[in-house]
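Remarks on the overall topology
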Amino acid sequence: MKPRHVCFTSFLILETLLLLCTASVQTWAQERPGEEKANDPCSGPTALFALLNRPTVADSACVAKPGNVVLETGFQRQVSRDALPGTLTTYPNADVRIGLPRGWELDVLPPNWNIGTGTEASGSLSRVAGFGDVGFGAKYEIGQFHDVLLAIDTVITVPSGANAFRSRGTQAAVNGIFAYSLTPRFGIGGELSVATLTGSSGAQPGRFTLLTPDLVATYQMPFPLQFYGELYGTGDTGGVARNYWFDGGVQYLITSRWEADIEAGVLVHSTRGTASHYFGFGFGFLF
């Protein structure tokens, strides 16, 4: 078996063990109800704020309720300013989340339409467009312990997009997620993601592991408006530069089942000295 296949197989085994561990923790929580808080942060008239994965990079610790479907979609444009500046525009950035019994949800990520522009070394402009890869995954809500909600999710993408935007092999990530309510209006959350990704070395694919820590703070106004700020980074592995990003935005509930948001982010540090920022907007719907 080739080394990259061994790495991917080991990753899937680790993912299975993590899911089994979370099931054990959930069983412990059910046996000790006194350790859980009766109040459910994923319910209530403004629960859609807590339920949506977007617009943050970190996913929500809440899962879709059984029988519910959550649709998330948006537009994002990233601008890079280095030796050869360029832009990347993506939409619809869709995520279809289907609520299942026993704290599970199923996720389907349709391919994005990508438009990339850049400046060649000769000074001429280039443009390429096409679909990205399709993905799917699942989330499991471990449980609530006092004011802390824990969850775990996994995402797998398969190389199915256009040549310019497809991965060189199947990719997978496992994310540990938490949400902590400091006050009824202010909370923090976070995610630790471990991913096995593919890059390219000439015409041959290569595989590497990427660790991404993420921390989010949210503040909800007395009316249905919420602000957030987020700091996340990527490790210097597999030829990927160590980058640290900061992003923030505003979310507004048009109704209890319809959310709109705007977002903006900036690259605050890169080991390769690149400069980049992005902005976007989107919507979330609960059916």
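As a reminder, the structure under discussion sits directly above these lines.
Within every chain, residues take consecutive numbers counted from 1 along the sequence as written. In keeping with the model being predicted, local features are shown solely for residues with a pLDDT of at least 70 and side-chain atom pairs are shown and tallied solely at 80 or more, while totals for entire chains, interfaces and linings include all residues. Only hydrogens and water are removed before side-chain values are computed, so all heavy atoms of the structure are retained for them.

Below, the discussion takes up the overall build of the protein chain. Across its full length, the protein chain carries two helices and 15 strands. The contacts in the protein chain between residues at least 6 apart in sequence include a share of 53% that link residues at least 24 apart. For the accessible areas, the method is Shrake-Rupley and the probe is 1.4 Å, while residue cover comes only from the protein chains on display. Accessible area of the protein chain: about 14,500 Å², with a carbon and sulfur share of 65%. Counting from the N terminus, the helices are DSSP H or I runs at least four residues long and the strands are E runs at least two residues long. Residues are treated as being in contact if the distance between any of their heavy atoms lies within 4.5 Å.

A pair of sulfur atoms, both from cysteines and within 2.5 Å, is called a disulfide here. Under the definition given, this model contains one disulfide. Disulfide pairing places Cys42 opposite Cys62 at an S-S distance of 2.0 Å. Every disulfide takes its handedness from the sign of the S-S torsion; for Cys42 and Cys62 that torsion is -85 degrees, giving left-handed. Here Cys62 lies in the loop between α2 (47-51) and β1 (69-80) and Cys42 lies in the loop between α1 (3-31) and α2, a separation of 20 residues in the sequence. The class for Cys42 is buried, based on a relative accessible area of 8%. For Cys62, a relative accessible area of 3% corresponds to the buried category. The classification of residues rests on relative accessible area computed with a 1.4 Å probe and restricted to protein chains. Under 20% of the type maximum is buried, over 50% is exposed, and intermediate values are partly exposed.

What follows is about the pairing of strand β8 (residues 148-158). For two strands to count as paired, DSSP must find a minimum of two bridges between them. The pairing of strand β7 (residues 134-145) with β8 spans 11 bridges and is classified as antiparallel. Across the sheet, Glu141 pairs through a bridge with Ala151, a residue of β8. Adjacent in sequence and paired antiparallel, β7 and β8 are bridged by two residues, among which His146 carries a positive phi angle near 60 degrees. Taken together, the 10 bridges between β8 and strand β9 (residues 171-181) define a ladder with antiparallel strand orientation.

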